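Residue-level structure breakdown
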Amino acid sequence: MTLKSIKYEKGNLEILDQLLLPAQSKFIQVKGVEDGWKVINKMQVRGAPAIAIVGCLSLAVELSTEVFDDKKVLRQEIEGKLNYLVSSRPTAVNMKIAADELIALSNKLYKDETVTAEVMKVKFIDEIESMLEKDIADNKAIGEYGASDILKSLPSDSMVRILTHCNTGSLATAGYGTALGVIRTLHSLKRLEHVYCTETRPYNQGARLTAYELVHDKIPATLIVDSMVAALMKQRNITAVVVGADRVASNGDTANKIGTYQIAVLAKHHGVPFYVAAPFTSIDKKIISGDHIIIEERPDREMTHVGDHRIAAQGISCWNPAFDITPAALIAGIITEKGVFRPSELANCQ
Ligand SMILES: CSC[C@H]1O[C@H](OP(=O)(O)O)[C@H](O)[C@@H]1O
């Protein structure tokens, strides 16, 4: 049974409160857009694809409780609430891309005189619901493409050792995962010797979430502290690094969890291929480079406390960017549901 972080039935949405993992596995109800914004902003649900899916499903749930007889009112409500959801977290592009596409659909349905307000609402909710299965299908394709690219230049009986950062699995998507999807596919092919996952301070997505998923799936894995990456690459024969993405610019520069950039630099130094795994819903063709990606800064408390326990001196100032930018020059390949692309190929692929 695979892990699920999102439970959805028409008119009802629940999310696994990831702030409580791994100690407590508790689902909480999301009754509408306001709840959706809050659970994303507080990082009770997180991960670029999951943010978009939960945000849009929160709107679907809200609309399903209302009756519309005026298409103009429905269209205005859709646009306003999607733009509000985009403001919940600024760096991942998935929610913005989903909002733009759904607003375009809303405008198309609004202009179609054969479509009533209620039919417009039903068609709109159907489109949002389709995101769940599409994301899982995309992740399975990412897993296949990524595994074959990593294995293609290796002896057919060799085993691989993979390093990953943050959480990119079922807890960051609708299921299976992106970088963790590549790891799951390598494991299913019986070619995965071992995974190393970083704890990923300060939210500890690796220690709390990725380790949770790897243990759940019985995948051989070892947790390391973020500062161990250089020693690991020096002492263990890491085959490849595979990480996720929150926003990939059209030149391949990639925003991902803080700490990703330094892993990419170390991978270059040690001759380890560094891959980004992300669906096309994480690629922002509207920006030319990583210089144009907004980096979210999170509250100091996420650094100074673990739960209610203070671990940093009272009064120290903190800098807590949630992401950093890895330059395209350090990326061997961008693994998507349409194939693996070198960064220089990205601008021309649809
Ligand atoms: C499926 S990629 C998820 C991506 O999102 C994470 O960030 P956060 O936990 O702050 O939402 C991290 O950057 C992952 O690579």
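Residues numbered from 1 in each chain as written. Predicted model: local features only at pLDDT ≥ 70, side-chain atom pairs only at ≥ 80, totals over all residues. Heavy atoms only, no water.

Once that is clear, we can look at the environment of glutamate 101. Among the structural elements, glutamate 101 can be located in helix H4 (residues 94-111). Distance in space between the C-alpha atoms of glutamate 101 and glycine 47 is 20 Å, their sequence separation being 54 residues. (Helix = DSSP H or I, 4+ residues; strand = E, 2+ residues; numbered from the N terminus.)

Per the UniProt record, "active site" (unreviewed entry) is found at Asp246. Given the relative accessible area of 9%, aspartate 246 is considered buried. (UniProt positions renumbered as here; feature names shortened; annotations may be inferred. Buried < 20%, exposed > 50% of the residue type's maximum accessible area, 1.4 Å probe, protein only.)

The immediate surroundings of the ligand are formed by 19 residues, with Gly47, Arg89, Asp246, Asn256 and Lys257 found nearest. Between the ligand and arginine 89 there is a distance of 2.8 Å, counted from an oxygen atom to a side-chain nitrogen or oxygen. In the environment of the ligand, an oxygen atom lies 2.7 Å from a nitrogen or oxygen atom belonging to the side chain of lysine 257. Protein chains shield 99% of the accessible area of the ligand, which is 400 Å² for the free molecule. Those elements that provide at least two residues to the shell around the ligand are helix H2 (48-64) and strand E9 (254-257). Here the residues of the shell around the ligand sort into seven nonpolar, eight polar and four charged. (Near = heavy atom within 4 Å. Polar contact = N/O pair within 3.5 Å; in protein donor to acceptor, adjacent residues only side chain to side chain. Areas by Shrake-Rupley, 256 points an atom, 1.4 Å probe, with all protein chains shown as cover. Nonpolar A, V, L, I, M, F, W, Y, C, P; charged D, E, K, R; others polar.)

Per the UniProt record, "site: Transition state stabilizer" (unreviewed entry) is found at Cys166. Residue placement: cysteine 166 occurs in the loop between strand E4 (160-164) and helix H6 (179-188). For cysteine 166, a relative accessible area of 7% puts it in the buried group. Residues in contact with cysteine 166, not counting those within four places in the same chain, are Arg46, Thr198, Thr200, Gln205, Gly206, Thr210 and Lys257. (Contact = heavy atoms within 4.5 Å.)

Taken together, the seven strands give an open sheet; going across it, the order is E6-E5-E4-E7-E10-E15-E16, and neighbouring strands pair in mixed fashion. For this open sheet the edge positions go to strand E6 (221-224) and strand E16 (339-341), each flanked by a neighbour on one side alone. Pairwise comparison of adjacent strand axes, ignoring direction, gives a mean angle of 25 degrees for this sheet. Here five bridges tie E4 to strand E5 (residues 192-198), and the two strands are oriented parallel to one another. Bridging from a neighbouring strand, leucine 163 pairs with tyrosine 196 of E5. Most of the contacts of H6 go to E4, to which it runs at about 160 degrees, and overall it touches E4, E5, strand E7 (240-243), strand E10 (274-277) and strand E15 (333-336). Running over the sheet, helix H9 (residues 260-270) touches E4, E5, E7 and E10 and is turned about 145 degrees from E10. (Pairing = 2+ DSSP bridges. Axes fitted to C-alpha atoms, helices over the stretch in contact; angles between N-to-C directions.)

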